[in-house]
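# Summary of the model geometry
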Amino acid sequence: MTEKKPRVLNRADWSTNPDLFWKGHVEGHTLGTGATVLFYSTEQVGGGPKWHVHPYDEIFIVRQGRALFTVGDETFECEAGQVVFGPANVPHKFKNLGPGILETTDIHVSDRWIQTDLPDPELG
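Let us look at the structure shown here. (Residues numbered from 1 in each chain as written. Predicted model: local features only at pLDDT ≥ 70, side-chain atom pairs only at ≥ 80, totals over all residues. Heavy atoms only, no water.)

The next point concerns the pairing of strand E6 (residues 74–79). One ladder, built from six bridges, connects strand E5 (residues 66–71) with E6; its direction is antiparallel. Residue pairing for E6: Ala67 is matched across the bridge by Cys78. Connecting E5 to the antiparallel partner E6 that follows it, the hairpin turn spans two residues, and Gly72 within it adopts a positive phi of roughly 65°. (Pairing = 2+ DSSP bridges. Helix = DSSP H or I, 4+ residues; strand = E, 2+ residues; numbered from the N terminus.)

The next subject is the side chain of Asn96. Counting through the fold element by element, Asn96 comes out in strand E8 (residues 92–96). Residue classification places Asn96 among the buried residues on the basis of a relative accessible area of 2%. Within polar-contact distance, the side chain of Asn96 engages the backbone nitrogen of Gly98 at 2.7 Å. Look past the residues within four positions of Asn96 in its chain and what remains in contact with it is Thr42, Glu43, Gln44, Val45, Gly46, Gly47, Arg66, Ile101 and Leu102. (Buried < 20%, exposed > 50% of the residue type's maximum accessible area, 1.4 Å probe, protein only. Polar contact = N/O pair within 3.5 Å; in protein donor to acceptor, adjacent residues only side chain to side chain. Contact = heavy atoms within 4.5 Å.)

Turning to the sheet that holds strand E1 (residues 24–26), a few remarks are in order. As summarised here, the arrangement of the five strands in space is E1-E2-E9-E4-E7, forming an open sheet in which the pairing is antiparallel. The two strands at the open ends of the sheet, each matched to only one other strand, are E1 and strand E7 (83–86). Taken over all neighbouring pairs, the strand axes of this sheet differ in orientation by 15° on average, direction set aside. Relative to strand E9 (residues 102–108), strand E2 (residues 36–42) is paired through seven bridges, and the arrangement is antiparallel. By the bridge assignment, Ser41 is partnered in E9 with Glu103. (Axes fitted to C-alpha atoms, helices over the stretch in contact; angles between N-to-C directions.)

As a further point, take the environment of Ile61. Position of Ile61 among the secondary structure elements: in strand E4 (residues 58–64). Relative accessible area serves as the criterion here: at 31%, Ile61 is assigned to the partly exposed category. As a C-alpha pair, Ile61 and Asn89 span 28 residues in sequence and 19 Å in three-dimensional space. If we ignore the near neighbours within four places in the chain, the residues touching Ile61 are Gln82, Val83, Glu103, Thr104, Thr105, Asp106 and Ile107.

Right, dumping it as structure tokens:
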């Protein structure tokens, strides 16, 4: 059995946007772990991930701002400090309610980011 050792990543290792500090991701397989972490940030009111699904559980930590989450057939508002559980195979999305920036840390219970985008039933 191979011993796993701690590893520290610098922002440059995962960041995808120099203007939004918390934007990017790191897939667990690159670290030898079973979790993938996405750092999401948007200043656009109404902006956010579109309707999609994953074959694994996902945990959303609202770090800053307010969001409108839809998970399956439930819709609810969340704010900084709240945590949302998204079960495997249940479509979901969220959007920034504003005012200001929305930042989330999204933990995917998978060593890889696997996402299937879906037609949004709200858009007909």
